[in-house]
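# A look at the structure
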Amino acid sequence: MARAPRASAEGRLVTAPLLLAIFSTFGGMLSLGVLLPVLPRFAEGPLDAGGVGIGLSVGASSITAVVAQPFVGRLGDAYGRRLLVVGAPLLLALVGLAYVPAESLAAVIALRLVAGVGEGALLVGGATVVTDLAPAERRGQAVSYFTLAPYGGVALGPLLGELVLGGERYDAVWTCSAALAAAAALLGTLVPETRPERSGAPARRGLVHGAALAPGIVLACALLGFGGFNAFVALYALELGLDGGGLVFLEFAGIVVAVRLFGARIPDLLGAQRCATLALVLLATAFAAIALWDQPAGLFVGTAVMALGQSLAYPALVTLAVGRAPAEERGAVIGTFSAFVDLAIFGGAAGLGAVVSAAGYQEAFLTASVAAALGLPLLAGIARPRPVPVAADDLA
């Protein structure tokens, strides 16, 4: 089986295998994104589902994605990354085709649960390959580039889904989703195996990897407010007299893409721990500004600062997490770490929703600010990873 070459001494980052891994992940996430605006309409219309059913038709995948990610990370460590990079989009392609004969809400929910496993494996597999391929001193940059794949898939997929749907061409949407996932699997077959050869004792047992727990909890503190922002900022914008949250989301997305693309080296230049500290400070400041400066200008300024913090948090913290464990356990680390993303976003939407109901939007954003600030002492307590040793043949 072909294996990826080691990173060069010059720290070359952008290689064909890395680009293949990123575009394969993008294709898989695009296949999921096309379903986002269509599934609620399918559940409400042909399936005649109520509000709970509509919500489950979209959100059920998050449950299995959280549960699956630590497990599939261990699979990637044991049997290779290509199992995930190829197998995950193939599973999504099969799920896409299975929507065609689905005629009940129960069937759709069951398929969404299976799709969650595919989504979790897709993200863990892609992220693990990218961190395997990246030179240690440019790992944050590689992760920043990689995050554009799932972000772009979820952003562009709904536009494509609406276009394919037209009136009620649901079967065309399901087929489109399957075709995109199959194309992603085809790209995945071109990604070389990156799993390191095992040295010494086998990887530790258990699904949850201890090296990812502390960085994952800090990530949850950082992302809690993001879950609430997604759920409630459009309504808060209306309360402030704006026409809706469209411009706010556009501002947020533009800044995140710009920083992840053009500022991708920031986590490596600052160092993972300092960059994560900066991200938490920015997020705490941003949510406080949104809450206390209750004017449209405050919302736009706070969103800009939040987008900067959000852009830096994940690349810095995943770099910190994978640096705390051996390379042969990297899949398990990323699997555990990635599960905190879904937990935090769901918890932010639900928890801050309770604050909105009890006290209001401003109090909810203040709570998000406090949550981000609480990540700072947790981050300070994380032991710094040891420097990555450089093999002698890498210096030749």
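Just above, that's the structure.
Attention here is on the structure that accompanies the text. (Residues numbered from 1 in each chain as written. Predicted model: local features only at pLDDT ≥ 70, side-chain atom pairs only at ≥ 80, totals over all residues. Heavy atoms only, no water.)

### Topic: the overall build of the protein chain
Rule in force here: Starting at the N terminus, helices and strands are each numbered in turn, a helix being any DSSP run of H or I of at least four residues and a strand any DSSP run of E of at least two. The globule rule is 2.2 Å times the number of residues to the power 0.38, and the radius of gyration it is compared with is taken over C-alpha atoms. Categorising residues by exposure relies on relative accessible area from a 1.4 Å probe, with only protein chains included: less than 20% of the type maximum marks a residue as buried, more than 50% marks it as exposed, and the intermediate range marks it as partly exposed. With residues, only the protein chains shown are counted as cover, and all accessible areas are computed by Shrake-Rupley using a 1.4 Å probe. Under this rule, positive means Lys or Arg and negative means Asp or Glu; His and the chain ends count for nothing. Throughout, a charge is located at the NZ atom of Lys, the CZ atom of Arg, the CG atom of Asp or the CD atom of Glu.
The helix and strand inventory of the protein chain stands at 14 helices and zero strands. The C-alpha radius of gyration of the protein chain comes to 21 Å, within 12% of the 21 Å expected for a compact globule of 396 residues. For the protein chain, with 396 residues in total, the buried portion stands at 52%. Carbon and sulfur atoms make up 69% of the accessible area of the protein chain, which amounts to about 16400 Å² in all. Taking the average location of the 22 positive side-chain charges in the protein chain and that of its 24 negative ones, the two points are 13 Å from each other.

### A closer look at the environment of leucine 133
Turning to its location among the elements, leucine 133 is positioned in helix H5 (residues 105-133). The exposure class of leucine 133 is buried, given its relative accessible area of 11%.

### Describing a nonpolar patch on the surface
Going by this rule: Patch membership requires over 30% relative accessible area and the absence of a salt bridge. Like charges are linked within 9 Å, and nonpolar side chains (Val, Leu, Ile, Met, Phe, Trp, Tyr) within 5 Å. One side-chain nitrogen of Lys or Arg within 4 Å of one carboxyl oxygen of Asp or Glu is enough to make a salt bridge.
Taken together, the side chains of Phe71, Leu207, Val208 and Leu213 define a hydrophobic patch exposed on the protein surface, amounting to about 350 Å² of accessible area. On the accessibility criterion, phenylalanine 71 (43% relative accessible area) is partly exposed.

### Some remarks on helix H1 (residues 16-33)
Let me state the cut-off plainly: To estimate how far a helix should extend, the number of its residues minus one is multiplied by 1.5 Å.
The end-to-end C-alpha distance of H1 is 25 Å, a good match for the 26 Å that 18 residues give at a rise of 1.5 Å each. The element H1 is extensively covered by neighbouring structure, given that 13 of its 18 residues are classed as buried.

### What to know about the side chain of threonine 303
Looking at where threonine 303 falls in the secondary structure, it is placed in helix H12 (residues 296-322). Residue threonine 303 is classed as buried on the basis of its relative accessible area, which comes to 0%.

### Re the packing of aromatic side chains
Under the convention used in this document: Centres within 6.5 Å make a pair out of two Phe, Tyr or Trp rings, where for Trp the six-membered ring is used; the pair is then stacked when the planes are under 30 degrees apart, edge-to-face when over 60, and tilted otherwise.
One pass over the structure, following the stated rule, counts twelve aromatic pairs. Taking the centre distance of 5.0 Å and the plane angle of 35° together, the rings of tyrosine 99 and tryptophan 174 count as tilted. Residue tyrosine 99 is found in the loop between helix H4 (82-98) and H5, and its partner tryptophan 174 is found in helix H7 (residues 170-188); the two are separated by 75 residues along the sequence. Tryptophan 174 matches tyrosine 99 in its accessibility class, with the two residues each being buried.

### Quick look at the pattern of salt bridges
Per the stated rule, a full pass over the model turns up four salt bridges. Here arginine 81 ties to aspartate 77 by a salt bridge, and the two come within 2.7 Å at their closest N and O atoms. Residues arginine 81 and aspartate 77 agree in their burial class; the two are buried. In this structure, arginine 330 and aspartate 132 form a salt bridge, with 2.7 Å as the shortest nitrogen-oxygen distance.

### Things to note about unusual backbone geometry
Excluding glycine, residues mostly carry a negative phi; peptide bonds, for their part, are mostly trans. For aspartate 48, which is not glycine, the phi torsion reads 55° and is therefore positive. Mapped onto the fold, aspartate 48 is located in the loop between helix H2 (38-44) and helix H3 (51-79). Residue aspartate 48 is classed as exposed on the basis of its relative accessible area of 67%.

### Remarks on helix H13 (residues 330-358)
Between the first and last C-alpha of H13 there are 42 Å, a value that for 29 residues agrees with the 42 Å anticipated at 1.5 Å per step. Glycine 360 lies just past H13 and shows a positive phi near 130°.

### Here's the deal with the packing of H5 against helix H6 (residues 139-165)
If you want to describe how two helices pack, look at the angle between their axes and the distance between the axes. Note the threshold: Orientation is described by lines fitted to C-alpha atoms, with helices fitted over the stretch in contact, and by angles between N-to-C directions that extend from 0 to 180 degrees. These descriptions rest on fixed angle ranges, namely under 35 degrees for roughly parallel, over 145 for roughly antiparallel, 65 to 115 for roughly perpendicular, and the rest for oblique. Less than a right angle of anticlockwise turn of the near helix away from the far helix marks a crossing as left-handed, whereas a clockwise turn marks it as right-handed. Between two residues, a contact is recorded if the distance between any of their heavy atoms is within 4.5 Å. Classification convention: Asp, Glu, Lys, Arg as charged; Ala, Val, Leu, Ile, Met, Phe, Trp, Tyr, Cys, Pro as nonpolar; all other residues, Gly among them, as polar.
It is at 9 Å that the axes of H5 and H6 come closest, and there the two elements cross at 150°. It follows that H5 is roughly antiparallel to H6 by the angle criterion. The chirality of how H5 crosses H6 is right-handed. For the pair formed by H5 and H6, the contact residues are Leu123, Gly126, Ala127, Val130 and Thr131 on the first element and Arg139, Ala142, Val143, Phe146 and Pro150 on the second. Considered class by class, the residues forming the contact of H5 with H6 number seven nonpolar, two polar and one charged.

### Some words on the environment of alanine 110
Position of alanine 110 among the secondary structure elements: in helix H5. Considering only alpha carbons, one finds alanine 110 and serine 61, 49 residues apart in sequence, at a separation of 9.0 Å.

### Concerning the packing of H1 against H5
The interhelical angle for the contact between H1 and H5, taken along N-to-C directions, is 165°, at an axis separation of 9 Å. Viewed along their axes, H1 and H5 adopt a mutual orientation that is roughly antiparallel. Pair H1 / H5 crosses with left-handed handedness. Note on element contacts: H5 touches H1 through Glu119, Leu122, Leu123, Gly126, Val129, Val130 and Leu133, opposite Pro17, Leu18, Ala21, Ile22, Ser24, Thr25, Gly28, Met29 and Leu32. Residue classes in the contact of H1 with H5 are distributed as eleven nonpolar, four polar and one charged.

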